[in-house]
Structures are given as structure tokens and as C-alpha cells.
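Survey of secondary and tertiary structure
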Amino acid sequence: MGILNVTPDSFSDGGRYADADAALAHGIRLIAAGADILDVGGESTRPGAERVDPSTEQDRVLPVVSALAAMGATVSIDTMNASTAVAAVRAGARIVNDVSGGLADPELLPAVAAENAEVVLGHWRGPSSDMYAGAEYADVTRETIGELIARMEAAAAAGIPPSRVVLDPGIGFGKRGPQNWDVLRGLPQLVGVGPRVLVGTSRKRFLAEILGAEADGEATSEARRDLATAVTSALAARAGVWGVRVHDVAATRDALRVVEAWEGS
């Protein structure tokens with residue numbers, strides 16, 4: 001899953017693809033690099049980010065979703081808003097990727113059910129404006145899985161069967177550095193729950209922390225984060241996840257090819 005942020009303020013690439021033409025061109029590059037799905041988002045979920053009005057979000061994403069879908073791309077809409085989810089699906093998106101797992105907008109799960117779309121349910125403990133307020137766990141892996149199962153059950157109650165659900169452990173969301181590593185080590189347990197699993201580690205702070213890249217220049221730090229992302233994505237694939245969400249598709253594709261060759265598959 002290639003990340004396509006149509007935002008001015010995303011933590012890594014905010015502003016680069018805020019223009020619809022630039023976003024479309026980048027989406028084409030991501031597909032050429034090997035992306036199976038393009039995840040289009042119009043609201044930053046970086047730590048400290050404030051919510052965006054749905055109308056503004058839709059103005060950003062709908063032209064891009066429509067154009068990419070018309071080209072035959074498989075498009076996911078990265079949103080926490082039911083109205084944006086519905087508009088994007090009607091514009092051609094096939095997947096709704098909600099980092100809040102349906103908690104931010106109680107109308108989202110019923111809306112996705114009515115549109116017959118697939119949904120990614122992220123693990124979430126509150127808005128990005130206070131990202132780490134909920135980062136208190138007795139057992140972060142067990143609690144993350146338990147809370148995702150609860151969201152899956154909420155989706156089923158809304159009319160979305162597990163076959164249309166993808167679970168995302170929400171790396172970086174409401175979790176501090178070591179907690180993210182604990183959750184990643186527990187991926188086989190989450191995979192064992194049943195539905196498909198999506199993992200997104202791309203360029204996140206916990207990677208920079210172990211690399212010591214925070215003090216580097218932006219270009220160096222980004223390149224090092226992309227390499228670390230490719231490694232974590234390959235390890236996640238070995239743990240059995242369905243998909244990985246990344247900025248640098250080519251680097252992760254290369255890492256996956258190495259794993260496939262190593263395993264003789």
C-alpha cells in the first residue's frame with residue numbers, strides 16, 4: 001500500500017503532493033514502483049495534528065481518488081469521517097482506511113457497510129492532538145489485540161463481515177517507542193485472530209529513535225527511515241501480514257524480493 005498524502009502538514013511529506021496534479025503524478029510513480037493499493041489521505045494524523053473539516057478533506061482527496069480509480073488503480077481512502085468515506089467510495093475507492101477503527105465518527109462503520117466497501121480498522125486511543133495520552137498499558141500486545149477484536153465486533157454489528165475487515169495495530173498511534181516494538185513482535189498473535197492484517201511503520205518516530213536519525217539532516221534521516229521501514233515491512237510479511245503501508249514502495253518491494261529469494265518462494 002503506497003502512501004499518498006494530499007495534505008500540507010503530514011509528518012513526512014506534507015505539502016509535496018498537496019496539489020491534485022502533483023498527487024496524481026506521484027500516485028502513478030508509486031504504481032510503477034510496485035504499489036498494489038494507493039492510500040489517499042487528506043488529513044494529517046501526525047502527533048499534535050488538529051482535525052480537518054470534512055469538506056476541506058474532500059476537496060483535497062476526491063479529484064485524486066476519482067482520477068486514480070479511472071486509471072484502474074486500487075484506491076483506499078484514509079479518513080476518519082463517514083461523509084468522506086462515502087464520497088470517496090462513490091468516486092472509486094474500494095477500501096476505507098480508518099486509523100480510529102470507527103471510533104472518531106460513529107457513522108463511519110454503518111456508512112461503509114451500506115457502501116459495501118472494505119474497511120481497515122486501526123488501533124486508536126484518541127486524537128492526534130494528544131497522541132500519547134492513552135499510551136498506558138499493562139500488556140500492550142494483548143490490549144491492542146483485544147481492542148481490535150472489539151472494533152471487529154462493532155463492524156460486524158454494523159453489517160461488515162470479517163471477510164471485508166483488515167486489522168491495523170496502529171504502530172505509533174497511542175504507543176511510545178518500546179511499545180511499538182512489543183506490538184510488532186506480537187504480530188503472529190494478531191494474524192492468528194483471522195482477518196487480514198495491515199502494518200504501517202513507514203518513517204515513524206520509533207524508527208528514527210533507534211537509528212539516532214533525529215539529529216541528521218532531513219534527507220539523510222528520511223533515507224535511513226525508508227531503509228528501516230523496508231526491514232520492518234519484510235519482517236512483518238514473514239509474520240504473515242496481508243499488507244504493509246509505506247512511503248517508499250521501491251525499497252520495500254526490494255526487501256520483499258530478498259525475503260522471497262531467501263525462502264525460495
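One structure accompanies this document, and this report is about it.

**Focus on the sheet that holds strand S6 (residues 165-168)**
Taken in spatial order, the eight strands of this open sheet run S1-S2-S3-S4-S5-S6-S7-S8, and their pairing is parallel. At either margin of the open sheet sits one strand with a lone partner, and together these are strand S1 (2-5) and strand S8 (243-244). By the bridge criterion, four bridges tie strand S2 (residues 38-41) to strand S3 (residues 75-78) in an arrangement that is parallel. By the bridge assignment for S3, valine 40 is matched with isoleucine 77.

**Concerning helix H1 (residues 20-33)**
With 14 residues, H1 should cover 20 Å at 1.5 Å per step; its first-to-last C-alpha distance of 20 Å lies within 8% of that length. Buried residues of H1: Ala23, His26, Gly27 and Leu30, and no others. The buried residues of H1 all sit within an arc of 105° when viewed along its axis, so they share a single face. In H1, the exposed positions angled more than 90 degrees off the buried face are occupied by Asp21 and Ala32. Where H1 is buried, its residues touch S1, S2, helix H2 (54-70) and helix H10 (249-263).

**Quick look at helix H6 (residues 177-185)**
Among all positions in H6, only Gly177, Gln179, Asn180, Val183 and Leu184 are buried. Seen from one end, H6 has its buried residues packed into an arc of 160°, which puts them on one side. Projecting away from the buried face of H6 at angles above 90 degrees are the exposed residues Pro178 and Arg185. Taken together, the buried residues of H6 touch helix H5 (140-158), helix H7 (187-191), strand S7 (196-199) and helix H8 (205-211).

**Some points on the pattern of salt bridges**
Under the counting rule described, the total for this entry stands at twelve salt bridges. Of the charged contacts in the structure, one is a salt bridge between arginine 238 and glutamate 263, with a shortest N-O distance of 2.9 Å. Separated by 25 residues along the polypeptide, arginine 238 in helix H9 (residues 218-238) and glutamate 263 in helix H10 bring together distant segments of the chain. By relative accessible area, arginine 238 is classed as exposed at 53%.

**Re the environment of proline 169**
For proline 169, the position within the fold is in the loop between S6 and H6. Judged by relative accessible area, which is 0%, proline 169 ranks as buried. Remark: the alpha-carbon pair of proline 169 and valine 99, spanning 70 residues in sequence, is separated by 9.3 Å.

**A few points about the packing of aromatic side chains**
Here the structure, examined in full by the defined rule, presents one aromatic pair. Positioned over the ring face of tryptophan 242 is arginine 196, at 5.1 Å from the centre of the ring.

**Some thoughts on the nonpolar core**
Generally speaking, soluble globular proteins have nonpolar side chains that are buried together. Formed by 54 residues in total, the largest nonpolar core has its most connected members in Val40, Leu68, Val96, Ile160, Val165, Leu187 and Val199. In this structure, Met1, Ile95, Val120 and Val166 belong to the second largest nonpolar core, which totals six residues.

Definitions and limits used
- Residue positions are counted from 1 within each chain, in the order its sequence is given.
- The predicted origin of the model limits local features to residues at a pLDDT of at least 70 and limits the giving and counting of side-chain atom pairs to 80 or more, whereas totals for whole chains, interfaces and linings rest on all residues.
- As a convention, hydrogens and water are excluded, and side-chain values are obtained from all of the structure's heavy atoms.
- Pairing between two strands is assigned when DSSP locates at least 2 bridges connecting them.
- Numbering of helices and strands runs from the N terminus, with a helix taken as a DSSP run of H or I at least four residues long and a strand as a DSSP run of E at least two residues long.
- By definition here, a helix of n residues has an expected span of 1.5 Å times n minus one.
- Exposure is judged per residue with a 1.4 Å probe applied to protein chains only, and the accessible area is read against the type maximum: over 50% gives exposed, under 20% gives buried, and values in between give partly exposed.
- Here the arc refers to the directions that run from the helix axis out to each C-beta atom.
- Whether two residues are in contact is decided by their heavy atoms, any of which lying within 4.5 Å being enough.
- For salt bridges, the criterion is a side-chain nitrogen of Lys or Arg within 4 Å of an Asp or Glu carboxyl oxygen.
- For this analysis, a ring pair means two rings from Phe, Tyr or Trp (six-membered ring only for Trp) whose centres lie within 6.5 Å, classed as stacked if their planes differ by under 30 degrees, edge-to-face if by over 60, and tilted for the remaining angles.
- Charge-over-ring placement is defined geometrically: NZ (Lys) or CZ (Arg) within 6 Å of the ring centre, and within 35 degrees of the ring normal.
- To form a nonpolar core, buried Ala, Val, Leu, Ile, Met, Phe, Trp, Tyr and Cys residues must be joined to one another through side-chain atoms within 4.5 Å.

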